[in-house]
Amino acid sequence: MSAARFTSDSPNYWGVPLVKLNRLGSAAAVLSIAALALTACGSDNPTGAASSAPAGGASADAAVSGTLTGIGASSQKSAMEAWITGFKGQNAQANVQYSPDGSGAGRKAFLAGGAQFAGSDAYLKPEEKEESKKVCGPDGAFNVPAYVSPIAVAFNLEGVEELNLDATTIAKIFKKEITKWNDEAIAKQNPDAKLPDTAITVVHRNDESGTTENFVEYLKATAGDVWTYDVSGDWPKDIQSENAKGTSGVVSTAGSTPGAITYADFSAVGDLSTVNVKVGDEYTKISAEAAAKALETATPVEGAAKNDLALDLKRDTTEAGTYPIVLLSYHIYCNTYKDQATVDLVKAFGKYVVSAEGQKTASDSAGNAPLSTSIEEKAAAAIDSITVAK
């Protein structure tokens, strides 16, 4: 099992709204957060606006207090900053600390009892679910969708704003079998582009990453004859190339390296150019609308508990207008916590994140696609099922 994968027998299964994605996200109020007890990464400009009105279904209860600690996906960084600001506006005595150390680090910290929740671009594997019982009690932990965004294949090539590429070509580039930008495989798909004889520099994540797992899962599903590696959150060790930690790390490295190519959450790619991915007989431009079409085929992971909303995705879809390299990032919570104060705080924040207000706050800041109303409702119900350990 790996990162967010989706399939479905019926269209619009989750009723995902087709919303236009704003790539850059707007900067807003700077956050002031208590120092993390756990190692924290550097921060980009925080985003999001505080709201004094209760979030529908999220903070309709009395204001909560205390400190909540989360660790995990760097893809959620801008959205998380917006969520924290909005939640703080409704709960002045509450603090949420989030360290964007990566999905793998977040799950490990959560499973070790070092955080009350994890942000992860991959849902818990069966062995992780079993391990979670040690800190969460006999019912373990569960996954709730929180953040949806396409993963961009982004590059830095002067004078070229976008390229059309099929899965096989993308796989060969990242496997370093195609090493020049004017290679015939690229040129024949882009006859009007002025492609220089510039070396391609692959930039990948050097930390365990759900973004990596989602990206290579796409390569495995669509170009398995080229990408023969197992799906994993760790980049293949035998592909030697430039690397960096976290979403901001690979984007920064690619942005300062002429001829570079990387993969990253679309909301974070900034001024980098992006690839239109071939799906069926056409090339799909990256957008929230196209990502939402991929989510229309979402179904629950087989065997998941009733309140576990881990989903599966059909990466090798041929449906026109669908962008298949989609990142669905989760929040992972315990089914039970040690005391009522923690339960109340977790529920209040978790329900704010998945509420219509919380999703709009994140989308306005980070440019991601909001969850559908159907997923919002299911996620809120799942979070509401959290109880005090007996």
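Per an unreviewed UniProt entry, the recorded name for the chain is Phosphate-binding protein, and the organism is Glutamicibacter uratoxydans.

Visitor: Tell me about the side chain of Glu81, residues and numbers included.
Guide: Within the secondary structure, Glu81 sits in helix α1 (residues 77-90). Polar side-chain contacts of Glu81 include one of 2.9 Å to the side chain of Lys77.

Visitor: Now, about helix α7 (residues 210-222): what can you tell me, with residues and values included?
Guide: Given a rise of 1.5 Å per residue, 13 residues ought to cover 18 Å, and the 18 Å separating the end C-alpha atoms of α7 matches this to within 8%. Across the 13 residues of α7, 10 count as buried, placing the element largely inside the fold. Restricting attention to buried positions, one finds in α7 the residues Gly210, Thr211, Thr212, Glu213, Asn214, Phe215, Val216, Glu217, Tyr218 and Leu219. Put simply, Ser209 is the residue that caps the front of α7, since its side-chain oxygen is 3.0 Å from the backbone nitrogen of Thr211.

Visitor: Just give me the short version of the side chain of Glu376, but keep the residues and values in it.
Guide: Tracing the chain through its elements places Glu376 in helix α12 (residues 373-384). Buried charge Glu376 goes without a salt bridge, the closest partner of opposite sign being Lys378 at 11 Å.

Visitor: Go over the pairing of strand β8 (residues 260-265), please, and point to the residues and values.
Guide: Among the six residues that make up β8, six are buried, leaving the element largely enclosed by the rest of the structure. Inspection of the sheet shows strand β4 (residues 141-155) paired to β8 by five bridges, in the antiparallel sense. Within β8, the position partnered with Val153 by the bridge is Tyr263. Examined bridge by bridge, strand β6 (residues 201-205) and β8 share two bridges and lie parallel to one another. What sits directly across from Thr201, in β8, is Ala260.

Rules used throughout
- Residues numbered from 1 in each chain as written.
- Predicted model: local features only at pLDDT ≥ 70, side-chain atom pairs only at ≥ 80, totals over all residues.
- Heavy atoms only, no water.
- Helix = DSSP H or I, 4+ residues; strand = E, 2+ residues; numbered from the N terminus.
- Polar contact = N/O pair within 3.5 Å; in protein donor to acceptor, adjacent residues only side chain to side chain.
- Expected span 1.5 Å × (residues − 1).
- Buried < 20%, exposed > 50% of the residue type's maximum accessible area, 1.4 Å probe, protein only.
- Lys, Arg positive; Asp, Glu negative; His and termini not counted.
- Salt bridge = Lys/Arg side-chain N within 4 Å of Asp/Glu carboxyl O.
- Pairing = 2+ DSSP bridges.

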